[in-house]
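Residues per chain are reported as follows:
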Amino acid sequence: MTINFKTGDITRENVCAIVNAANSSCMGGGGVDGAIHRAGGPTILEECKRIRRERLPDGLPTGQAVATNAGAMPAKYVIHTVGPIWGRCGTQEECDRLLADAYRNSLQLAWELGCRSIAFSAISTGIYGFPKERAARIAYDTVRNFLKDHPEMEVTFIFHSDRNRTVFEEATGENRDW
Ligand code: AR6
């Protein structure tokens, strides 16, 4: 089982799939979503629009995932998932469940596309306000569970700052290099 923690820019990761913290419109936005669309170029938005038209006229539900091309980035696919907005889930447990869904459905989709390497951004922990330590534990548990049945998949968590990486590592008890 391989899980890596890195500080960096997810748009530069040389993996099969990178996971975008999108919103249900799938039309881009700020944060990592904006960075991915800028780095990848217009082919990503073109494919997002086609997916919306053909499969998701009401948008991508929270916790679900869809894949597009990655344009000019080194990755082959972008997996767009929608994390929960903290405080808007009904209960905190429902928010936890939706965040776990976002990770699990992204992993499953990458697997079905034939990917054996995937990099995650810290879904919901920016603009969507999910508490970082709580999100870290859910992300890590969900990934570990998936890897029990899919040990060939290599998972990398990418953080935009050392500070965010440290919060995650401390919350999951993992403060060493894998
Ligand atoms: N590489 C890796 N991580 C990044 C990068 C990058 N280039 N840029 C930012 N991050 P956010 P959310 C980190 O807000 O909370 C958008 O407008 C960032 O530091 O991007 O799920 C969407 O369209 C943070 O730790 O995603 C939605 O409307 C993490 O990525 C909404 O924001 C996630 O923060 C989604 O909000």
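One can find the structure itself at the top, above this paragraph.
About the criteria used
Residues numbered from 1 in each chain as written. Predicted model: local features only at pLDDT ≥ 70, side-chain atom pairs only at ≥ 80, totals over all residues. Heavy atoms only, no water. Buried < 20%, exposed > 50% of the residue type's maximum accessible area, 1.4 Å probe, protein only. Helix = DSSP H or I, 4+ residues; strand = E, 2+ residues; numbered from the N terminus. Pairing = 2+ DSSP bridges. Right-handed = clockwise from strand over helix to strand, strands pointing away. Near = heavy atom within 4 Å. Polar contact = N/O pair within 3.5 Å; in protein donor to acceptor, adjacent residues only side chain to side chain. Areas by Shrake-Rupley, 256 points an atom, 1.4 Å probe, with all protein chains shown as cover. Nonpolar A, V, L, I, M, F, W, Y, C, P; charged D, E, K, R; others polar. Salt bridge = Lys/Arg side-chain N within 4 Å of Asp/Glu carboxyl O. Core = buried A, V, L, I, M, F, W, Y, C linked by side-chain atoms within 4.5 Å. Contact = heavy atoms within 4.5 Å. Phe/Tyr/Trp six-rings, centres within 6.5 Å; stacked < 30°, edge-to-face > 60°. Lys NZ or Arg CZ within 6 Å of the ring centre and 35° of its normal.

1. Examining the pairing of strand E5 (residues 117-120)
Moving on, step 1. Burial along E5 is two-sided: the face carrying Ser 117 and Ala 119 and the face carrying Ile 118 and Phe 120 are both buried.
Moving on, step 2. The sheet contact formed by strand E2 (residues 17-22) and E5 spans three bridges and is parallel. Bridge pairing in E5 places Ile 18 opposite Ala 119.
Moving on, step 3. Note: E5 against strand E6 (residues 154-159), four bridges, orientation parallel. Residue pairing for E6: Ser 117 is matched across the bridge by Glu 154.
Moving on, step 4. Between the parallel elements E5 and E6, the chain passes through helix H4 (residues 132-149) in a crossover that is right-handed.

2. Side note on the site of the ligand
Moving on, step 1. Lining the immediate environment of the ligand, one finds 22 residues, of which Asn 23, Gly 30, Val 32, Asp 33 and Ile 127 sit closest.
Moving on, step 2. Ser 124 is positioned with one of its backbone polar atoms (N or O) 2.8 Å from an oxygen atom of the ligand.
Moving on, step 3. Between an oxygen atom of the ligand and a main-chain N or O atom of Ile 127, the distance comes to 2.8 Å.
Moving on, step 4. Look at the ligand: alone it shows 700 Å² of surface, and the protein chains cover 90% of it.
Moving on, step 5. Looking at the shell around the ligand, the elements that each hand over two or more residues are E2 and helix H1 (31-40).
Moving on, step 6. For the shell around the ligand, the leading source of residues is H1, giving four residues.
Moving on, step 7. When its residues are assigned to classes, the shell around the ligand shows nine nonpolar, eleven polar and two charged.

3. A short note on the pattern of salt bridges
Moving on, step 1. Overall, the coordinates contain ten salt bridges when judged by the stated rule.
Moving on, step 2. We note a salt bridge from Asp 101 to Arg 97, for which the minimum N-O separation is 3.2 Å. Note that Asp 101 and Arg 97 are positioned in helix H3 (residues 92-112) at a spacing of four residues, about one turn of the helix.
Moving on, step 3. On the basis of relative accessible area, Asp 101 is assigned to the buried category, the value being 11%.
Moving on, step 4. With relative accessibility at 42%, the residue Arg 97 sits in the partly exposed group.
Moving on, step 5. For Glu 169, the salt bridge identified is with Arg 165, shortest N-O distance 3.3 Å.

4. Remarks on the nonpolar core
Where a protein is soluble and globular, its nonpolar side chains tend to be buried together.
Moving on, step 1. Ranked by internal contacts, the top residues of the largest apolar core, which has 37 residues, are Ile 118, Phe 120, Val 143, Val 155 and Phe 157.
Moving on, step 2. Excluding residues that lie within four positions of it along the chain, Val 155 makes contacts with Thr 2, Ile 3, Asn 4, Leu 107, Ile 118, Phe 120, Val 143 and Leu 147.

5. What about the packing of aromatic side chains?
Moving on, step 1. Evaluated as defined, the whole model comprises eleven aromatic pairs.
Moving on, step 2. A centroid spacing of 5.2 Å and a plane angle of 65° characterise the contact between Phe 5 and Phe 168, whose relative ring orientation is edge-to-face. Taken together, the positions of Phe 5 in strand E1 (residues 2-7) and Phe 168 in helix H5 (residues 162-172) put the pair 163 residues apart, joining distant regions of the chain.
Moving on, step 3. For Phe 5, a relative accessible area of 9% gives the class buried.
Moving on, step 4. Judged by its relative accessible area of 6%, Phe 168 is buried.
Moving on, step 5. Measuring from centroid to centroid gives 4.7 Å for Phe 157 and Phe 168, while their planes differ by 40°, and the two rings are tilted. Of this pair, Phe 157 sits in strand E6 while Phe 168 sits in helix H5, and the two are eleven residues apart along the sequence. Pair check on accessibility: Phe 157 and Phe 168 agree, each one buried.
Moving on, step 6. An aromatic cluster is present here, built from Phe 5, Tyr 103, Phe 120, Tyr 140, Phe 157, Phe 159 and Phe 168 joined pairwise through their rings.
Moving on, step 7. When the ring centre of Trp 111 is taken as origin, the NZ or CZ atom of Arg 116, which lies over that ring, is 3.5 Å away.

Limitation: the analysis is restricted to geometry and does not speak to function.
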